[in-house]
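# Chain and residue survey
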Amino acid sequence: MALTAETLVAHPALHARLRHQARLLLDAYEASPRLSSVFATQQRWLMAHIALALYFRGVTAAERGGFTAARFFEAIARNGVASRNTADSFLKEMLKYEYARRLPGGADRRSHPLEPTQASFDAIRGWLMVHLSTLDNFDGGQRLATFLDTQDSTVILHPLVADGLLSSRRIREPAGIFSLFTWLDNGGVVMDWLIAGMEEAPAGTERIPTGIVSVAAMAEWLKLSRTHLARKMRDAEAMGSLGWLGKRGHSVMWVSDGFRREYVATQTAKLAIVDQAFEAGFRVAATAAAARGAETAPKNGQRMEAIAN
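I will try to describe carefully the structure that is included in this document. (Residues numbered from 1 in each chain as written. Predicted model: local features only at pLDDT ≥ 70, side-chain atom pairs only at ≥ 80, totals over all residues. Heavy atoms only, no water.)

### Concerning the overall build of the protein chain
Under the convention used in this document: Secondary structure elements follow DSSP: runs of H or I no shorter than four residues count as helices, runs of E no shorter than two count as strands, and numbering proceeds from the N terminus. Per-residue accessibility, obtained with a 1.4 Å probe over protein chains only, is compared with the maximum for each type, and a residue is labelled buried under 20%, exposed over 50%, and partly exposed between these values. The contact rule is simple, with two residues in contact once any of their heavy atoms fall within 4.5 Å. Values of accessible area rely on a 1.4 Å probe in the Shrake-Rupley scheme; residue burial ignores everything except the protein chains shown.
Counting secondary structure elements, the protein chain contains 16 helices and 6 strands. When the 309 residues of the protein chain are sorted by exposure, 48% land in the buried category. In the protein chain, the share of contacts with a sequence separation of at least 24, taken over all contacts with a separation of at least 6, comes to 69%. Approximately 15,400 Å² of the protein chain is accessible, and the part contributed by carbon and sulfur atoms is 53%.

### Details of helix α5 (residues 69-79)
Those residues of α5 lying buried are Ala69, Ala70, Phe72, Phe73, Ala75 and Ile76. Immediately beyond the C-terminal end of α5, within one or two residues, lies Gly80, with a positive phi of roughly 60°.

### Looking at the layout of surface pockets
The criterion, for reference: Throughout, the protein atoms alone are placed on a 1 Å grid, and a set of points is a cavity if a 1.4 Å probe fits but cannot get out or a pocket if it is open with protein on both sides within 12 Å along at least five of seven lines; lining residues have an atom within 4 Å of a point. Grid points are joined across faces, edges and corners, and a volume is the space filled by probe spheres set on the points.
Taken as a whole, the largest pocket spans an internal volume of roughly 1,000 Å³. Taken together, 44 residues line the largest pocket, and the ones lying closest to its centre are Leu25, Ser36, Phe39, Trp45 and Trp127. Among the secondary structure elements, those contributing two or more residues to the lining of the largest pocket are α2 (14-31), α3 (33-38), α4 (42-60), α6 (84-96), α7 (118-139), α11 (176-182), α12 (187-196) and α15 (257-296). Per-element tally for the lining of the largest pocket: the top contributor is α7, with 7 residues.

### Comments concerning the sheet that holds strand β3 (residues 113-116)
The cut-off we apply is this: For two strands to count as paired, DSSP must find a minimum of two bridges between them. All axes here are fitted lines through C-alpha atoms, helices being fitted over the stretch that makes contact, and every angle between N-to-C directions spans 0 to 180 degrees.
Spatially, β1-β3-β2 is the arrangement adopted by the 3 strands of the open sheet, whose pairing is antiparallel. Sheet topology places β1 (67-68) and β2 (100-102) at the edges, where each strand pairs with a single neighbour. Pairing geometry for β1 and β3, over 2 bridges, is antiparallel. Note that in β3 the partner of Thr68 across the bridge is Pro113. Its contacts with the sheet put α6 on β1, β2 and β3, and the angle it makes with β2 is roughly 90°.

### Some thoughts on the pairing of β3
The side-chain alternation of β3 yields two buried faces, one formed by Pro113 and Glu115 and the other by Leu114 and Pro116. Here 3 bridges tie β2 to β3, and the two strands are oriented antiparallel to one another. Note on β3: the bridge partner recorded for Arg101 is Glu115.

### Observations concerning the nonpolar core
Worth spelling out the cut-off: Here, the term nonpolar core denotes a set of buried Ala, Val, Leu, Ile, Met, Phe, Trp, Tyr and Cys residues that are joined through side-chain atoms within 4.5 Å.
Counting residues in each nonpolar core, the largest one holds 90 residues, and the members touching the most others are Phe72 and Val190. Apart from residues no more than four positions distant in its own chain, Val190 is found in contact with Phe181, Leu184, Met218, Leu222, Leu224, Leu229 and Met233.

### Points about the packing of α7 against helix α9 (residues 153-167)
Note the following rule: Working rule for angles: under 35 degrees goes down as roughly parallel, over 145 as roughly antiparallel, 65 to 115 as roughly perpendicular, anything else as oblique. Just so you know the grouping, Ala, Val, Leu, Ile, Met, Phe, Trp, Tyr, Cys and Pro go in nonpolar, Asp, Glu, Lys and Arg go in charged, and all remaining residues, Gly too, go in polar.
At a closest axis distance of 11 Å, the pairing of α7 and α9 adopts a crossing angle of 75°. It follows from the interaxial angle that α7 and α9 lie roughly perpendicular. Contacts between α7 and α9 involve Ile124, Arg125, Trp127, Leu128 and Leu132 from the former and Ser153, Thr154, Leu157, His158, Val161 and Leu165 from the latter. Here the residues of the contact of α7 with α9 are counted per class, giving 7 nonpolar, 3 polar and 1 charged.

### Comments concerning the environment of Arg143
Quick note on the threshold: The term polar contact refers here to a pair of N or O atoms within 3.5 Å; inside protein, the definition further demands a hydrogen-donor-capable atom paired with an acceptor-capable atom, and it admits residues adjacent in sequence only when both atoms are side-chain atoms.
Relative to the assigned elements, Arg143 resides in helix α8 (residues 143-149). When the C-alpha positions of Arg143 and Asp275 are compared, they lie 8.8 Å apart, and in sequence the two are 132 residues distant. If sequence neighbours within four positions are ignored, Arg143 has contacts with Leu3, Leu132, Leu135, Asp136, Asp275 and Phe278. A distance of 3.3 Å separates a polar side-chain atom of Arg143 from the backbone oxygen of Leu135.

Here it is in structure tokens:
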């Protein structure tokens, strides 16, 4: 059975597992900062999941013709993710940076088929692998190995994950510190950075040191405006979510237990969605494979005849 958010929260190695995942996500960002920046806000992240899910569902339906802007706009509106103009700007940026491309066909721009490029495929496959690896680390499972050994595994898994993310109130409507960073470019990466640098601390520790000293260094690494990031950090400080052990900018930054709990709640909800999707998608795939095997296997009489001959 799929792991639940409640099961994950109760795991004794919870914080260590999430810190490791945060480091892996930061590695992915560092490997391709421009691509990661395209999906930098939660709104853009959800639009990317919608576009990829549309494409992959077309593949499984044997359409293999990409997805159209019209279908994308309809899905964005149906899920209440963004305005039509914001969705249109997002598609244009995907095309500009070659994370999507136009395919032949279509009478006009809205009906012109699009498909993700290899860079986008690699990014979502890597994102799925990080989360499957984290789930395996919780219970010693073999999800990642199964994913890697299964043909069209991303096509099978991703649309189900996207459905779960889009229907989750915890993911769509984050509270507290998460809502503060939701609309900040690379806000998710900022939170991963804070968690990745966090020292080991027992539950309930009010102020947890992170090892981070310089907001300027963080802004430079994230390609963010130092002024804008510093303003968000001050807002978070005013909320009591982070602060400095000494003088600001000359001592180690701490994050609050409340911040850590919010991060845990969101990450475990996301992991539970991925695991539920994995359970559903790969159980169906395994059943279909078994059915294909049964259809191609020789009947009893045929086997006996083969043995006799």
